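The residues making up each chain are set out below.
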Amino acid sequence: MTTLTTIAPQSYEEVQAAICKDGRIFVRGGGSKPALSTPSALGDGAVLLDMRWLRGVVEYEPGEFVFTARAGSSLREIAVLLAEHGQHLPFDPPLVEQGATLGGTIAAGLSGSGRHRYGGLRDFLIGVRFVDGQGRLVRGGGKVVKNAAGFDLPKLMIGSLGRLGVIVEVSFKVFPQPSAYATLRVTQASLDAALTTIARLNGSSFDLEALDLVFEEERPTLYVRQGGFAAALAERQERLRAWLGGGEPLPESEEAAFWSASREFAWVPATWALVKTPVTLGVIPALDRVLQAAGAQRRYVAGAALAWIAWPGDLEQLDAYLTRLQLGGLALRGEAEWPFVGVRNGASLTARVKRVLDPFHRFPIL
Amino acid sequence: MNLDGLLGELKRRVPADRLLRKPAQLAPYESDALTAFRSRPAAVLLAETQEEVIQAVRLCHRYGVPFVARGSGTSLSGGSLPVENGLVIALNRLNRILRLDPAQRIAVVEPGVINLDVSRAAAPHGLYYAPDPSSQLICTIGGNVAFNSGGAHCLKYGMTVNHVLGLKAVLPDGEVVQLGGESLEQVGPDLTGFFVGSEGLFGVALEITLRLLPKPECYRTVLAAYDSLQAAGDAVASVVASGLLPGAMEIMDALAIEAAEAAVQAGYPRDAAALLIVELEGERIQVEAEFAHLMQVIESSNPKTVAVAKDDGERARIWKGRKSAFSAVGRLSPDYLVQDGVVPRSRLGEALATIERLSQDYGLRVANVFHAGDGNLHPLILFNGRIPGELERAEALAGEIIQMCIALGGSITGEHGVGMEKRHHMSSMFTETDLQIMAELRRALDPAELANRGKMFPQGEAPALHGRGPHPLEEQGVISRM
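Since the structure is predicted, the reported quantities are computational estimates derived from the model, not experimental observations.

Draft legend 1. Spotlight on the domain arrangement of chain A. All names here are of chain A. Taken domain by domain, chain A holds domain 1 (5–51), domain 2 (53–176), domain 3 (180–263) and domain 4 (273–342). The C-alpha centroid of domain 3 is placed 28 Å from the C-alpha centroid of domain 2. Facing 10 residues of domain 2, the contacting portion of domain 3 comprises 11 residues. Taken together, both faces of the contact between domain 2 and domain 3 bury some 810 Å²; the carbon and sulfur share is 46%. Considering only the surface of domain 2 that becomes buried against domain 3, S113, H116 and R117 emerge as the three largest contributors, covering 63% of it. On inspection of domain 2 and its partner domain 3, the count reaches 3 salt bridges. Remark: the boundary between domain 2 and domain 3 carries 3 residue pairs in polar contact (both at pLDDT 80 or more). For the side of domain 2 that touches domain 3, the class distribution of residues is 4 nonpolar, 4 polar and 2 charged.

Draft legend 2. The state of the cysteines, seen in detail. Across all of its chains, the model carries 0 disulfides over all chains by this definition. No disulfide involves C154 of chain B; its sulfur sits 12 Å from that of C139 of chain B, the nearest cysteine.

Draft legend 3. The packing of helix 8 (residues 229–241) of chain B against helix 13 (residues 348–362) of chain B, seen in detail. All names here are of chain B. Close contact between helix 8 and helix 13 brings their axes to 7 Å; oriented N to C, the two are set at 160°. Between helix 8 and helix 13, the angle is such that the two are roughly antiparallel. Between helix 8 and helix 13 the crossing geometry is right-handed. In this structure, helix 8 uses L229, Q230, G233, D234 and V236 to contact helix 13, whose residues at the interface are L348, G349, E350, L352, A353 and E356. For the contact of helix 8 with helix 13, the residue count by class is 5 nonpolar, 3 polar and 3 charged.

Draft legend 4. Representation of unusual backbone geometry. Positive phi values are uncommon outside glycine, yet E218 of chain A reaches one of about 65°. Relative to the helices and strands, E218 of chain A is located in the loop between strand 12 (210–216) and strand 13 (219–228). The exposure class assigned to E218 of chain A is partly exposed, which follows from its relative accessible area of 41%. Phi is positive for E199 of chain B, which is not a glycine, with a value near 55°. Along the chain, E199 of chain B turns up in the loop between helix 7 (191–195) and strand 10 (204–211).

Draft legend 5. Inspection of the nonpolar core at higher detail. Counting 156 residues, the largest nonpolar core has F67 and F172 of chain A together with L377 of chain B as its most contacted members. Sort the elements by how many residues they give to this core and helix 14 (residues 390–407) of chain B lands first, with 9 residues. For L377 of chain B, the contacting residues outside a window of four places in its chain are Q339, D340, G341, V343, L348, A351, L352, I355, F370, M404 and C405 of chain B.

Draft legend 6. A look at the environment of T196 of chain A. All names here are of chain A. Tracing the backbone through its elements, the reader meets T196 in helix 7 (residues 191–202). Once the C-alpha coordinates of T196 and L281 are considered, the two residues, 85 residues apart in sequence, prove to be 9.0 Å apart. At a separation of 2.8 Å, a polar atom in the side chain of T196 contacts the main-chain carbonyl oxygen of D192.

Draft legend 7. Highlighting the pairing of strand 13 of chain A. Residue and element names in this part refer to chain A. In terms of residue burial, strand 13 counts as a mostly covered element, since 9 of its 10 residues are buried. In terms of strand pairing, strand 11 (residues 180–187) meets strand 13 through 8 bridges, oriented antiparallel. In the sheet register, T183 faces strand 13, and the bridge partner there is R225. Note: strand 12 against strand 13, 7 bridges, orientation antiparallel.

Draft legend 8. Seen up close, the interface of chain A and chain B. On the chain B side, the residues contacting the 73 residues of chain A number 88 residues. Ranking the residues of chain A by area buried against chain B places K146, F151 and R352 of chain A at the top, with a combined share of 14%. There are 12 salt bridges connecting chain A and chain B. R122 of chain A serves as the salt-bridge partner of D190 of chain B, at 2.8 Å between the closest nitrogen and oxygen. If one sorts the elements of the side of chain A that touches chain B by residue count, helix 12 (residues 347–357) of chain A sits on top with 7 residues.

Draft legend 9. The packing of helix 12 of chain A against helix 16 (residues 432–445) of chain B, seen in detail. Helix 16 of chain B packs onto helix 12 of chain A with a crossing angle of 140° between their chain directions and a minimal axis gap of 9 Å. When the axes of helix 12 of chain A and helix 16 of chain B are compared, the pair comes out oblique. The handedness of the crossing between helix 12 of chain A and helix 16 of chain B comes out as right-handed. Side by side, helix 12 of chain A and helix 16 of chain B meet where L349, R352, V353, V356 and L357 of chain A of the first sit next to I437, E440, L441, A444 and L445 of chain B of the second. Along the lines of polarity and charge, the residues of the contact of helix 12 of chain A with helix 16 of chain B split into 8 nonpolar, no polar and 2 charged.

Draft legend 10. Structural detail: the domain arrangement of chain B. Residues and elements named next belong to chain B. Taken domain by domain, chain B comprises domain 1 (97–214), domain 2 (218–328) and domain 3 (331–415). Domain 2 and domain 3 are separated by 21 Å when their C-alpha centres are compared. Listed as interface residues are 23 residues of domain 2 and, on the opposing side, 23 residues of domain 3. Summed over both partners, the interface of domain 2 with domain 3 comes to about 1,800 Å²; 64% of that surface belongs to carbon and sulfur atoms. The three residues of domain 2 that bury the most area against domain 3 are L229, L255 and F326, which together make up 33% of that side's buried surface. Seen at the junction of domain 2 and domain 3, the total is 0 salt bridges. Counting across the interface, domain 2 meets domain 3 through 7 residue pairs in polar contact (both at pLDDT 80 or more). Elements with a minimum of two residues in the side of domain 2 that touches domain 3: helix 8, strand 13 (248–253), helix 9 (254–264) and helix 12 (325–329).

Draft legend 11. Summary view of the environment of A294 of chain A. Residues and elements named next belong to chain A. Looking at the element boundaries, A294 is found in the loop between helix 10 (284–293) and strand 16 (297–301). Residues A294 and W311, 17 residues apart in the sequence, show an inter-C-alpha distance of 8.3 Å. When sequence neighbours within four positions are dropped, the list of residues in contact with A294 reads W311 and P312.

Procedures and definitions
Residues numbered from 1 in each chain as written. Chains lettered and ligands numbered in written order. Predicted model: local features only at pLDDT ≥ 70, side-chain atom pairs only at ≥ 80, totals over all residues. Heavy atoms only, no water. Domains from an automatic or database assignment. Contact = heavy atoms within 4.5 Å. Buried area = accessible area lost by both parts, 1.4 Å probe. Salt bridge = Lys/Arg side-chain N within 4 Å of Asp/Glu carboxyl O. Polar contact = N/O pair within 3.5 Å; in protein donor to acceptor, adjacent residues only side chain to side chain. Nonpolar A, V, L, I, M, F, W, Y, C, P; charged D, E, K, R; others polar. Disulfide = S-S within 2.5 Å. Axes fitted to C-alpha atoms, helices over the stretch in contact; angles between N-to-C directions. Helix = DSSP H or I, 4+ residues; strand = E, 2+ residues; numbered from the N terminus. Parallel < 35°, antiparallel > 145°, perpendicular 65-115°, else oblique. Left-handed = near helix turned anticlockwise from the far one by under 90°. Buried < 20%, exposed > 50% of the residue type's maximum accessible area, 1.4 Å probe, protein only. Core = buried A, V, L, I, M, F, W, Y, C linked by side-chain atoms within 4.5 Å. Pairing = 2+ DSSP bridges.

Set out below in structure tokens:
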């Protein structure tokens, strides 16, 4: 591996200064997604920007339900601060305990199981400041929950992998956190049965915080999470259970732990690759046949909008499978020269944007 | 620019009755809902297929002719104002819902589909399309996408961008791109989200994949009357701070109440200085628990009266009054300007007090009807364009309101877009570098700046501002306001 100069900027100006020097720039936050933050083939003179020292909340007025923080702030410190005021990031960003940062979460474009209720990262990010490949500090969006002024640059940063710019400051809208949660565990006779149940739930008026399909010794099992006022929760869960025709409530002592373990990918074997793949209900049967045959572990979360794939082998094989199914994915862990697998659309538009924001190829290709 | 070249090619490709050239045919297209601006295009193409739109854009690119895509022309920021001597590509005939998949809760639609028609088509499956601009009876999804339209129910589920999963679009140089997909998730930069709200500058959306939501099991709609606008604004801040998450929170002031009552008899209390509508939605058991909590918050906000919609009929009437308020205010005054600034929600009371003071200073009436839960103001500045200098005074007042929004840390537009109207305020909200990068991005897609030229960016050439507001057709006596 190439030796890297590491710079740990503590101000936006230091990020700008680093980019104004020569050399390829590689960005790392908490390092919780090694496939995205382990530089490869950068050449001499490459610089690693360690963003963890660019941290701290810039602005947070709880009554406003909006906060602004430096991009290197960890999800954990933000979660603790929000929780003090009964608030949270409803899209349930993953890898909190493993040190993921706000900037890294945006650059990777990650939402968790909790995105089921109100939407994903893209629905809660309202503003960014980033430094582009020419060292220019740019702002897009704002600090209010509704804003239609100018091009939506925050959206460009989502999933940009630090290859269109270095995110230095972010603004999110937040929501009140439900005061209590309850989860129903519902085993399913088959994958088809599970998908049918998910389709029924997706079309129903039950307000679900999360709806995940996991395999417990290859047996499809649904975890259905509800949240709200504690006083109403037991009755709501009972109603849901009756509607589903079964299911056992997770004991209170296990409820939060289950979702936390899910958020941290505790189920993914340490040496395996981990790949995010956007899916729809319709494609899951074909995808799951391939994954099961290959011995992969997987979860279909957020009402079957998102597959997390734990892949034991070479990612090239998964790439071929996903391409055949016209699916695309992003490797978060695993050996990968190039983190994208399967198909990806919009490449020509991405290239045009990249020419504007990174004309001198300071960041890796995207 | 070679206009004759373009028109010659178009004439060969589409029947004469779909390529409008005569002044009388062009008049309806000279303005949109922001009637203070007017500009005559060289021609209007009534496109019927996606292929025609793609061809038209490619021809405009080849001949260097600016174009504006247009749906129903309901833009309040002048977003669909034609470019003088350019081409208007009218999309209303591309109004097919191509696919509706209730299991996956998506609809794939063409840009000319009317907003409300999506919900109508989804209704038999218990689903609906959430963004609900007041013009949803006539405005199109293509326009909603271009301007990232909002509505009364953005508080919980967001604006148009939060409901668009994928797009097929033709870029200004004729390249056709496919962005996003059918999943709620994606990898790589969120290009779909980047396209939405680009005000037509990135080209024309041809197919839009929309996310549908299940209809809530129940609603609870509360109507609280207050002695002052500030008290209603403070009540909103209290509801937000209480941790409740209503589906909608709207405020109307005395002038708006009077207008709405005169127009649709919504049953609003007429002696109130301000009216707050709060709507809870969701599972019945949860909503009942939230409702008890909401009523405590409302009671402690010193309302004059509080009423709760007893049934769907009453709820519908409350919303009809609210959604007709803009056009109803039109009855109170020959002309009006609508502003769309956003302030932090905790500063609402303060912002409203400032607007009241400005209204007195300028000697112009201002009606307020707005999305309070989002901090999205809609002051309607009433004026008479026949009185010399009044339009200019109204514009100056509007400018002060926008500057106040920026000073409070807000935005110049929440949902109407920048369009023609707020171009010169962009440089108060963004730095030169921000605007420079936006301009570079635009030119990366549209080097000749053909798509919706003159909009959003401060330096755009301005067509003459007209002294008074009626739409060109209204002037000719063809249409009239309700």
